[in-house]
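# What the coordinates show
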Amino acid sequence: DGGITQSPKYLFRKEGQNVTLSCEQNLNHDAMYWYRQDPGQGLRLIYYSQIVNDFQKGDIAEGYSVSREKKESFPLTVTSAQKNPTAFYLCASSYDRDRVGQPQHFGDGTRLSIL
Amino acid sequence: KQEVTQIPAALSVPEGENLVLNCSFTDSAIYNLQWFRQDPGKGLTSLLLIQSSQREQTSGRLNASLDKSSGRSTLYIAASQPGDSATYLCAVRPVSNYQLIWGAGTKLIIKP
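Residues numbered from 1 in each chain as written. Chains lettered and ligands numbered in written order. Predicted model: local features only at pLDDT ≥ 70, side-chain atom pairs only at ≥ 80, totals over all residues. Heavy atoms only, no water.

## Some details on the overall build of chain B
- When its secondary structure is counted, chain B shows zero helices and eleven strands.
- The secondary structure elements of chain B, listed N-terminal to C-terminal, are β-β-β-β-β-β-β-β-β-β-β.
- Its C-alpha radius of gyration of 13 Å places chain B within 12% of the 13 Å reference for a compact globule of 112 residues.
- A principal-axis box enclosing the C-alpha atoms of chain B has dimensions of 45 × 25 × 20 Å.
- When contacts within chain B are restricted to residue pairs at least 6 apart in sequence, those whose partners lie at least 24 apart make up 54%. (Helix = DSSP H or I, 4+ residues; strand = E, 2+ residues; numbered from the N terminus. Rg over C-alpha atoms; globule rule 2.2 N^0.38 Å. Contact = heavy atoms within 4.5 Å.)

Next comes the structure, spelled out in structure tokens:
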């Protein structure tokens, strides 16, 4: 079945450590997105990528980095510069962002906590 | 700046009732509005997408309406079931940029 796979499901970060969240999709989607979800708030966009080797910052990109070396993969690194990383992270994908009638598809998320 | 609000934040109703969830947005210049469902600890599932030129969309027991001029959308759930318990989020796609703007969601509990 086509879908989006996020791993790991749970992740713990130590002080000063960088951690990487994996996101893989086999939907042949062009665009991929990373969101952060905090309790009682709407989703906030961290980064998005329209095509391979291209990505753009969202509203809260500070302390995060991404790469898009393959169409199927869009890993997110939470760096030590992100002082409040505890949150639920969601990866999504969709067809070309300009196809405005197409919904985004989501993975099951990664919950990141600080040790 | 586009803002999306969902009220109430939580709702609990007995099984079998028909119910309405609300979503309001401040700028009517949108391409579409989407409703999503999120189960605890899970990702989001797209339920309905309404284009700006449409008034409503239906899928099974779900009906979503859109009134762009008043900045409102409703999600109507008929004959609610315990399996409908989840958080429901709405999001709008503004014409001004590529990002979805999200509401904080309504947590729905259907009591057996």
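Picking up where we left off.
## Considerations on the pairing of strand β2 (residues 10-13) of chain A
All names here are of chain A.
- Alternating positions in β2 separate cleanly, Leu11 and Arg13 being buried on one face and Tyr10 and Phe12 remaining unburied on the opposite face.
- Across four bridges, β2 lies against strand β11 (residues 110-114) in parallel orientation. Paired with Phe12 across the bridge in β11 is Ser113. (Buried < 20%, exposed > 50% of the residue type's maximum accessible area, 1.4 Å probe, protein only. Pairing = 2+ DSSP bridges.)

## Examining the nonpolar core
- With 23 residues, the main nonpolar core has Leu33, Trp35 and Leu75 of chain B as its most contacted residues.
- Within the residue set of this core, elements represented by two or more residues are β3 (19-25), β4 (30-38), β5 (44-51), β7 (62-67), β8 (72-77), β9 (86-94) and β11 (106-111) of chain B.
- If we skip the residues at most four places from it in the chain, Leu33 of chain B touches Cys23, Phe25, Leu48, Leu49, Ile50, Leu66, Ser73, Cys90, Ala91 and Val92 of chain B.
- Ranked by size, the runner-up nonpolar core spans 20 residues in total, among them Trp34, Ile46, Tyr64 and Tyr89 of chain A. (Core = buried A, V, L, I, M, F, W, Y, C linked by side-chain atoms within 4.5 Å.)

## Digging into the sheet that holds strand β1 (residues 4-7) of chain A
Residues and elements named next belong to chain A.
- On the basis of which strands lie adjacent, the open sheet formed by four strands has the order β1-β3-β8-β7 and antiparallel pairing. Lying at the two open borders of the sheet, with one neighbouring strand each, are β1 and β7 (64-66). Between one strand axis and the next, the sheet turns by 20° as a mean value, whatever way the strands run.
- By the bridge criterion, four bridges tie β1 to strand β3 (residues 19-25) in an arrangement that is antiparallel. Counted as the bridge partner of Ile4 is Gln25 from β3. (Axes fitted to C-alpha atoms, helices over the stretch in contact; angles between N-to-C directions.)

## Notes on the sheet that holds strand β1 (residues 4-5) of chain B
Residue and element names in this part refer to chain B.
- What the five strands build is an open sheet, ordered β1-β3-β8-β7-β6; its pairing is antiparallel. Only two strands of the sheet have a single neighbouring strand rather than two, namely β1 and β6 (56-59).
- Sheet topology note: the β6/β7 ladder contains four bridges and is antiparallel. Along β7, the bridge assignment pairs Glu56 with Ser65.

## Things to note about the interface of chain A and chain B
- Contacts between the two partners involve 23 residues from chain A and, on the opposite side, 20 residues from chain B.
- Both faces combined, the contact of chain A with chain B buries some 1,700 Å², and carbon together with sulfur accounts for 54% of it.
- At the boundary of chain A with chain B, the tally comes to zero salt bridges.
- Our count for the chain A to chain B interface comes out at two residue pairs in polar contact (both at pLDDT 80 or more).
- Mapped by element, the contributors of at least two residues to the side of chain A that touches chain B are β4 (31-37), β5 (44-49) and β9 (87-94) of chain A.
- Looking at the side of chain A that touches chain B residue by residue, the class counts come to nine nonpolar, nine polar and five charged. (Buried area = accessible area lost by both parts, 1.4 Å probe. Salt bridge = Lys/Arg side-chain N within 4 Å of Asp/Glu carboxyl O. Polar contact = N/O pair within 3.5 Å; in protein donor to acceptor, adjacent residues only side chain to side chain. Nonpolar A, V, L, I, M, F, W, Y, C, P; charged D, E, K, R; others polar.)

## Here we look at the side chain of Gln34 of chain B
- Looking at where Gln34 of chain B falls in the secondary structure, it is placed in strand β4.
- Residue contacts for Gln34 of chain B: discarding those within four places in its chain leaves Pro103 and Gln104 of chain A together with Leu48, Leu49, Leu89, Cys90, Ala91 and Leu100 of chain B.

## With respect to the layout of surface pockets
- Quantified by volume, the largest pocket comes out at close to 510 Å³.
- Forming the boundary of the largest pocket are 26 residues, of which Gln37, Pro39 and Gly40 of chain A together with Gln38 and Thr87 of chain B lie nearest the centre.
- Among the elements of the structure, β9 and β11 of chain A together with β9 and β11 of chain B are those that each provide at least two residues to the lining of the largest pocket.
- With four residues, β11 of chain B is the largest single contributor of residues to the lining of the largest pocket.
- The computed volume of the second largest pocket comes to approximately 370 Å³.
- If you go around the second largest pocket, you meet 18 residues; those closest to its centre are Asp59 of chain A together with Lys1, Gln2, Ile101 and Trp102 of chain B.
- Elements supplying a minimum of two residues to the lining of the second largest pocket: β5 of chain A together with β10 (101-102) of chain B.
- Residues belonging to the lining of the second largest pocket are distributed by class as follows: seven nonpolar, six polar and five charged. (1 Å grid on protein atoms, 1.4 Å probe; cavity = no way out; pocket = protein on both sides within 12 Å on 5 of 7 lines; lining within 4 Å. Points joined across faces, edges and corners; volume = space filled by probe spheres on them.)

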